[in-house]
Amino acid sequence: MKNFSWRALLLWTLPILIVGFFLFQGSISTNTGNIGNNTASTRMTYGRFLDYLNTGKVASVELYENGRTAIVQAMDPEIDERLQRLRVDLPANSPELIAKLREANIKFDYHPVTNDGALWGLLGNLIFPIVLISALFFLFRRSNNMPGGPGQAMSFGKSRARFQMEAKTGVMFDDVAGIDEAKEELQEVVTFLKQPERFTAVGARIPKGVLLIGPPGTGKTLLAKAIAGEAGVPFFSISGSEFVEMFVGVGASRVRDLFKKAKENAPCLIFIDEIDAVGRQRGAGIGGGNDEREQTLNQLLTEMDGFEGNSGIIIIAATNRPDVLDSALMRPGRFDRQVMVDNPDIKGRLEILEVHSRNKKIAPEISLEAIARRTPGFSGADLANLLNEAAILTARRRKEAITMSEIDDAVDRVVAGMEGTPLVDGKSKRLIAYHEVGHAIVGTVVKDHDPVQKVTLIPRGQAQGLTWFTPNEEQGLISRSQLMARIAGAMGGRAAEEEIFGYDEVTTGAGGDLQQVTEMARQMVTRFGMSDLGPLSLEGQGGEVFLGGGLMSRAEYSEEVASRIDDQVRQIIEHSHNLARKIIRDNREVIDRLVDLLIERETIDGQEFRQIVAEYTEVPEKEQFAPQL
Ligand code: ADP
Ligand code: MG
Ligand code: ZN
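Since the structure is predicted, the reported quantities are computational estimates derived from the model, not experimental observations.

Got a minute to help me understand the site of ligand 1 in this structure?
Taken together, 16 residues lie near ligand 1, and Ala177, Gly217, Lys220, Thr221 and His356 sit nearest. Within the backbone of alanine 177, an N or O atom sits 2.7 Å from a nitrogen atom of ligand 1. In this structure, threonine 218 approaches ligand 1 through a main-chain N or O atom, which is 3.2 Å from an oxygen atom. For the shell around ligand 1, the elements supplying multiple residues, two or more each, are α8 (220-231), α12 (346-357) and α14 (380-396). Partitioning the shell around ligand 1 into residue classes produces 8 nonpolar, 6 polar and 2 charged.

Can you walk me through the packing of helix α18 (residues 511-526) against helix α19 (residues 559-586) in this structure?
Describing two packed helices takes the angle between their axes plus the distance from one axis to the other. One can describe the packing of α18 onto α19 by two numbers: an axis separation of 9 Å at closest approach and a directional angle of 125°. Between α18 and α19, the angle is such that the two are oblique. The crossing of α18 and α19 is right-handed. Across from Val517, Thr518, Ala521, Arg522, Met524, Val525 and Thr526 in α18, the residues of α19 making contact are Ile565, Asp566, Gln568, Val569, Ile572 and Ile573.

So what exactly am I meant to see when it comes to the coordination of the zinc ion (ligand 3) here?
In an ideal tetrahedron of four donors about a metal, each angle is 109.5 degrees. In an ideal octahedron of six donors, the angles are 90 or 180 degrees. For the zinc ion (ligand 3), every protein donor is listed as His435 (NE2), His439 (NE2) and Asp513 (OD), and the spread of their distances is 2.0 to 2.1 Å. Here the donor residues of the zinc ion (ligand 3) share one chain and are spaced in sequence as H-x3-H-x73-D. Taken together, the positions of histidine 439 in helix α16 (residues 427-445) and aspartate 513 in helix α18 put the pair 74 residues apart, joining distant regions of the chain. Residue classification places histidine 439 among the buried positions, given a relative accessible area of 7%.

Help me understand the side chain of aspartate 276, please; the structure alone is not making it clear to me.
With respect to the helices and strands, the residue aspartate 276 is situated in the loop between β9 (268-273) and α11 (291-306). When neighbours within four sequence positions are excluded, aspartate 276 is seen to be in contact with Ala318, Thr319, Asn320, Arg321, Val324 and Leu325.

What is the right way to look at the pattern of salt bridges in this model?
A side chain of one charge can pair with a side chain of the opposite charge if their charged atoms are brought near each other. This structure, assessed with the given rule, holds 31 salt bridges. Between glutamate 369 and arginine 373 there is a salt bridge, and its shortest N-O distance comes to 3.0 Å. Separated by 4 residues within a single helix, glutamate 369 and arginine 373 lie in helix α13 (residues 368-374), roughly one turn from each other. According to the relative accessible area criterion, arginine 373 is partly exposed, its value standing at 23%. Between aspartate 450 and arginine 486 there is a salt bridge, and its shortest N-O distance comes to 3.3 Å. Residue aspartate 450 is found in the loop between α16 and β12 (452-456), and its partner arginine 486 is found in helix α17 (residues 480-501); the two are separated by 36 residues along the sequence. Judged by its relative accessible area of 18%, arginine 486 falls in the buried class. Salt bridges here are not isolated pairs; linked through shared partners, they connect Arg397, Lys399, Glu406 and Asp409.

When you look at the sheet that holds β9 in this model, what are you seeing that I'm missing?
One key point about sheets: their strands pair by backbone hydrogen bonds, in either a parallel or an antiparallel sense. Pairing is mixed in the open sheet, where 6 strands are placed in the order β6-β8-β9-β10-β7-β11. A single partner strand is all that each edge strand has here, and the edge strands are β6 (164-166) and β11 (337-340). Ignoring which end each strand starts from, the neighbouring axes of this sheet average 20° apart. As judged from the 3 bridges shared by β6 and strand β8 (residues 235-239), these two strands associate in the antiparallel manner. Its bridge partner being in β8, glutamine 164 is matched across the sheet by serine 237. Where α8 meets the sheet, its contacts fall on β6, β7 (209-213), β8, β9 and β10 (313-319), and the angle it forms with β9 comes to roughly 175°.

Where do I start with the sheet that holds β12 in this structure?
An order of β13-β12-β14 is seen for the 3 strands of this open sheet, with the pairing classed as antiparallel. The sheet is open, and its two borders are formed by β13 (466-469) and β14 (603-605), each paired with just one other strand. Within the sheet, the average angular offset between the axes of one strand and its neighbour, ignoring direction, is 10°. Taken together, the 3 bridges between β12 and β14 define a ladder with antiparallel strand orientation. Residue pairing across strands places valine 455 opposite isoleucine 604, the latter belonging to β14. Its contacts with the sheet place α16 against β12 and β13, and it is angled at close to 20° to β13. Those strands touched by helix α20 (residues 588-601) are β12 and β14, and its axis lies near 120° from that of β14.

Whenever I open this one, α14 confuses me. Can you help?
Count 3.6 residues to each turn of an α-helix, and residues three or four apart come out pointing the same way. With 17 residues, α14 should reach 24 Å at 1.5 Å per residue; the first-to-last C-alpha distance of 24 Å fits that figure. Of all the residues in α14, the buried ones are Gly380, Leu383, Ala384, Leu386, Leu387, Glu389, Ala390, Leu393 and Thr394. In this structure, the buried side of α14 is in contact with α12, α13 and α15 (404-416). Arginine 398, located one to two residues past α14, shows a positive phi value of around 55°.

Basis of the calculations
- Residues numbered from 1 in each chain as written.
- Chains lettered and ligands numbered in written order.
- Predicted model: local features only at pLDDT ≥ 70, side-chain atom pairs only at ≥ 80, totals over all residues.
- Heavy atoms only, no water.
- Near = heavy atom within 4 Å.
- Polar contact = N/O pair within 3.5 Å; in protein donor to acceptor, adjacent residues only side chain to side chain.
- Helix = DSSP H or I, 4+ residues; strand = E, 2+ residues; numbered from the N terminus.
- Nonpolar A, V, L, I, M, F, W, Y, C, P; charged D, E, K, R; others polar.
- Axes fitted to C-alpha atoms, helices over the stretch in contact; angles between N-to-C directions.
- Parallel < 35°, antiparallel > 145°, perpendicular 65-115°, else oblique.
- Left-handed = near helix turned anticlockwise from the far one by under 90°.
- Contact = heavy atoms within 4.5 Å.
- Donors = N, O, S within 2.8 Å, 3.2 Å for Na, K, Ca; no water.
- Buried < 20%, exposed > 50% of the residue type's maximum accessible area, 1.4 Å probe, protein only.
- Salt bridge = Lys/Arg side-chain N within 4 Å of Asp/Glu carboxyl O.
- Pairing = 2+ DSSP bridges.
- Expected span 1.5 Å × (residues − 1).

Read these as geometric descriptors, not functional statements.
Structure below.
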């Protein structure tokens, strides 16, 4: 869930921290003991201490805290020469003092710091953040009550300028692949930066802002850097989440600082990442907590309005949530150009792989095209990560060049996480084997299901076993029968558990499957009009609850429709569940054989799996996109 506010968080943690702080203080005075019992309330300067020492007024000295504090017994001439206990802070290093004390024959004792030193160290570490946090808290409180509060916080923003500046990004358009349309659109921005005269001469107003819209990892940051790189101008960057600090006014002052610096360095490019963090629709949101964001946003708008388009500053912002952005940001003269940067298609993936394989040693038999085909849904960042993982594996295996086996392992790793150690043989391993073979057999005999790529009992990430399918095409359009097939396939694991071990023995292992199944079925009913309710769209896109994007998108249907939706979802799932169970029952013999084989070998690839199944029952032909190798 995303719907918590930092303010609530702060209010909750602060009392805890403060209580912790006081507890600690208590423990200092009892625990450190050193000065504790001997507390001398009166302090004396080091200079006077030396005077007393030289004039023979000192009776005894006890050193504490690695010799940084002393409790001195001295005769105070001002109070009838009575013995007084005085506390002296000593300079950090004063070995000559010991010599002097010896010389003058003064009683002295050294109290070593036992483990209190650690305590002090720890306390030192703790105090700082605690103090900082409470100080910030007060600051925040005060400015909150002050109309136009930033006054105090401004210097704060200045002292902790959190934007980065790169004089040269070193990134060129050649480094960005697979998003040609976006690149083309932005080519012009390079010209704006390089030769603004060309536009101003004919009276054209140069746009100030470009908004890059797209999912994470598609190369938005990279693209912005490439523009700066191509134009040869400095690159200022800040992330929206950094703008919005906890305290009112800080964000706004950062915006001011940023624009000030940028103006000094024009022509240049300002890149604002995650602009949705500051640029959410104003005046909306749950639980308040928006004034800081609003101030920051207002400041940003003011700054953008405040300079001429021809001043040589171009602002590029990136977001993956354009739907929540404040409409004021999109007005002419602000982010009036919007460029989509989407996940790459197969051709784009190939180009990105080409870019990232430039500096890597790759075995000649590897086909980047095959990799591109195997990685639908991968973003540019995923692909870069994939090749890097493969290179790491290659180095670890002491090979000369990346081979398909490293690529395969790297894909698995990027998709499903780190490989774990296989379970030892036993009941739960058998159950997992049946579960996975259940998925795979349903996926194999149901005609519209994507073909099995492999089944494995080697754990990865959260999963104890995995069944991989190769999507048959670019996952563009998916038919109802494909969805039904996927739901049945996802049900296959639980169905196998039930059929083979009985209802009492089913496990939590199917939790993820059921979640997927329910989600798919629900979408079929509410978004794709694939149920008896007819072709209706009953839910907006996403449906995610977020702060600040207006009110929660509430269901736009009656209780009655809601219960009919539930009904339809249930029907779809029940149908698929029954189908999966029937397939398991009908194929028990081959399932047992496959499970034995899987336990023995840990992994069975799709080809072999299909061949074995074909010995027992009919296996429908499926289009294969196996890697060419
Ligand atoms: P975003 O800002 O969209 O989240 P980034 O620009 O930070 O994505 O991408 C992260 C990394 O992924 C880049 O540094 C680059 O190595 C790689 N990458 C992403 N998209 C592309 C692309 N289109 N072409 C080449 N590399 C890419
Ligand atoms: Mg980015
Ligand atoms: Zn499963």
